[in-house]
Amino acid sequence: MQVLQSFRDIFHKRHNIAKTWKNQHKRPVIGWNSTYTPEEIIRSINALPIRILGSMESTTTQADAYLPRNACSFARSTLDLALKSDYAYLDGLVTSNSCDNFGKTYDLWRHYTKIPYFHFINTPHTNTPKSHQFFYDELTRFKESLEKTFNAQITNKTLQNTIRVYNENRTLLKKVYDLRKKDPPIITGTETLEIILSSMLTTKQKHNKLLKQLLKEIPNRPDPTKPAVRLLITGSIMDTTDLLQIVETVGGITVTDDLCTGTRYFWNPVSADKDPIKAISKRYLNKIPSPFMYDRQKERLNHIKQLIKDYKVEAVIQFLLKFCDTHMFDSPLLTEELKAEDIPVLNIEYEHTRSGIAPIKTRIEAFIEMVKGVP
Amino acid sequence: MTTRLQTLEGFYQNHIQPYYQNAHQAQQQGKPVAYVASTFPVEILQAMNITPIWPENYASVCAARQVSVRLAEIAERHDYSRDLCSYARATIGSILTKEKDILPEGGMPKPTFLVASTAACDTHLKWFQVLSHHLKRPLFLLDIPYNSSGADAENLPKHLIQHYISQLEELIPFLEKQTDTRLDKNKLRKAITLSNRTSNLWLEIQDYRKHIPTPMGARDAFSAVFFMLCIPATQTAIDFYEKLRDELKERTKNDIGKILNERYRLIWDNLPMWFNLKFFNYLNSLGAVTVAETFSHVWTGSLNPQKPLESLAKKYLPNFANCGIERRIDLILNLAKDFHANGIILPTNWGCRMMSIGETIVKEEIYKKLGVPSLILDVDSSDWRNYDETQVKRKVEGFIEILSRKD
């Protein structure tokens, strides 16, 4: 379908799209790399916020000179692209302490790339009233920093409008997820991931238009999906469709997820508030938590369990990026809790490179056979 | 030929063993015992007569006693990844193991509660959450902001200090509830005063190491830092450091060096391989001696008893794990200058992102500014499966070779 191809194109041609946008609008493109980054504020200076993604298309070469072997291969891949000037068009990079790998790799970005603007958003690991106050102040400082650097004014009205467009995107993405509740789901996991990733790489206005077209056309798609074992995928970031493609060629289909390139990205809307910065800061600190948040594993687990119920999930695959400490620490208890509910779980540790994928395929295939075999 | 400091003779039997014995005793008597993660302001606990137990210290004890890998393997059998912090794995293993007789000092006594802080890494948070889960004891987390600009104590942004204090204000009621006692302001001031005295003595001790030849190396420092790190607000710490200081004073007066022919003065970053402290003797055998460790300099900080909470913020916020790389560069740069170093050792630590990422910048910057070369070594603090001695020694010897050409 043409509209599915449009999402795919945004994902694959992301660098060109960003550069073209920048030339056309003469406005900054700002990279971000944590789902705790309040994109709404960046967008409100009429900049294009884009998520920093890696690539498995090429092996890392330059970053290996600066990152030790025990650093996250996703962080390595993004740094490698930056060192090869693939991200030279960025006018700024915004990061946060929501991950030690990125928090520290940020030093390398600052040191070895020529991006003109860097900003670090101090993100609390708790959501107590004091943390909320701190984060609110932090986002106010961020807003002021953007205004000053890019010579822009962010009014409450602009923020409210941006929030509206972003919330519409969230609502539309949820409708896409609803299509996956059907059996067989109307849309595959691979296709959905391309949609989510593309939403982070273009304006939400454009993305919303495409989503509306998709929702209209897809019920009559000429190539319906086939029944398969219904899976929930959990993990950190997934910036390539390779893994889901494997899942979907060996008899599985991803129907929902707990990923920061999935539900953790868009599930929660920004609520209405007279003070839009307050509304934004609340949304981000209270959203479906990533594992770096303190004492919220229960919440994460409940989210997963609810998804399992709503999407009639038969089994869970956890894709653990090697050296992602917070996810690795959560993994044993998460697995134990799911198994206690008789949900089959497969844990796969992997590196963000092409070479490691062959053995993964065999394991996923065996797992899906096993799930099918369960009477 | 190396000389040992008399004050450090029998350090383990004289200081570490009694510390764990006392902790077990306190726990048996129903007194409050808390597990604490480094960068946590332990002074507050000490002001409330809470016995602090440091899983990090215990992991290093397990490594020195050569059981850390066995314990890590137990954690790994419970699906804790082998790539996680080896301190975390060893202590998780020590709690999950059924073979209690393999645990040095009878294991860590079960705590009344746990406290951690995000001022070093996310691993602390997650690791302590896991400990808290398995021990079924509550955990309080100090949610500390990251000092991204790497500002030092004097230049810290105000909002960071304010938030730090606000976190302490939430901690105190938790501690009061757990121990059923009020925090006595006078006792806090006293703890701060003691800790400050300990810190000053420790810095005085470090100062003597600037002397050529240096009277003390890393092996002794990594033992002696125990007081600074674990129980700074005690008279025991002060007494010990006074004795150590006096010995160093005497040695420098008589020019008695750690080694006889001191040729290379090294800075050691981060942690040692606790399972192989003999490594420092090996360095000595090459004519090299460690004159300073970053680890000996991150826990110091001048505390003001009149402003206890603010000074704790200023002590712990700028620790370099919680900072942009500038802070670590500055620290090592200053140590290299002040201690007349001619080489830097930067050990990575397999399970530690905070220490491992960014070492190349440190290496480049120090060389650019001082012409002092650095050596990055792939090691691990307590998991010797991540340590290849042959390779490490080959690298060290190559490095010494480079230093010798600059002689």
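Our subject in this report is the structure included herewith. Bear in mind that the values here come from a model prediction, so they are computed numbers and not experimental data.

**Quick look at the sheet that holds strand β7 (residues 315-321) of chain A**
Residues and elements named next belong to chain A.
- Ordered by their spatial adjacency, four strands build an open sheet running β6-β5-β7-β8, and the pairing between neighbours is parallel. With partners counted over all chains shown, the strands left at the sheet margins are β6 (252-258) and β8 (345-350), one partner each. Between one strand axis and the next, the sheet turns by 30° as a mean value, whatever way the strands run.
- Here six bridges tie strand β5 (residues 229-235) to β6, and the two strands are oriented parallel to one another. Its bridge partner being in β6, leucine 231 is matched across the sheet by threonine 254.
- Each of β5, β6, β7 and β8 is contacted by helix α15 (residues 357-373), which is oriented at about 175° to β8, the strand it contacts most.

**Section: the interface of chain A and chain B**
- With 47 residues of chain A in contact, the opposing surface of chain B contributes 53 residues.
- In total, chain A and chain B occlude about 4,200 Å² of area from one another, counting both sides; carbon and sulfur atoms represent 57% of this.
- Counting the surface chain A buries against chain B, the share from its top three residues, Lys104(A), Tyr294(A) and Phe329(A), is 20%.
- Remark: the boundary between chain A and chain B carries six salt bridges.
- Notably, a salt bridge pairs Asp330(A) with Lys126(B), separated by 2.8 Å at the nearest N-O pair.
- Between the two partners, chain A and chain B, sit 26 residue pairs in polar contact (both at pLDDT 80 or more).
- Of all the secondary structure elements, the ones that give two or more residues to the side of chain A that touches chain B are α5 (100-112), α6 (129-149) and α14 (325-340) of chain A.
- With 10 residues, α5(A) is the single largest residue contributor to the side of chain A that touches chain B.

**Notes on the sheet that holds strand β4 (residues 139-142) of chain B**
All names here are of chain B.
- The strand order across the open sheet built from four strands is β2-β1-β3-β4, with neighbouring strands paired in parallel fashion. Only two strands of the sheet have a single neighbouring strand rather than two, namely β2 (51-53) and β4. In this sheet, adjacent strand axes meet at a mean angle of 25° when their direction is disregarded.
- Two strands pair when backbone bridges link them, and strand β1 (residues 33-36) and strand β3 (residues 113-117) are joined in this way by three bridges, in the parallel orientation. By the bridge assignment for β3, tyrosine 35 is matched with leucine 114.
- Taken strand by strand, helix α7 (residues 158-179) contacts β3 and β4, and its axis lies near 165° from that of β4.

What counts and what doesn't
- Residues numbered from 1 in each chain as written.
- Chains lettered and ligands numbered in written order.
- Predicted model: local features only at pLDDT ≥ 70, side-chain atom pairs only at ≥ 80, totals over all residues.
- Heavy atoms only, no water.
- Pairing = 2+ DSSP bridges.
- Helix = DSSP H or I, 4+ residues; strand = E, 2+ residues; numbered from the N terminus.
- Axes fitted to C-alpha atoms, helices over the stretch in contact; angles between N-to-C directions.
- Contact = heavy atoms within 4.5 Å.
- Buried area = accessible area lost by both parts, 1.4 Å probe.
- Salt bridge = Lys/Arg side-chain N within 4 Å of Asp/Glu carboxyl O.
- Polar contact = N/O pair within 3.5 Å; in protein donor to acceptor, adjacent residues only side chain to side chain.

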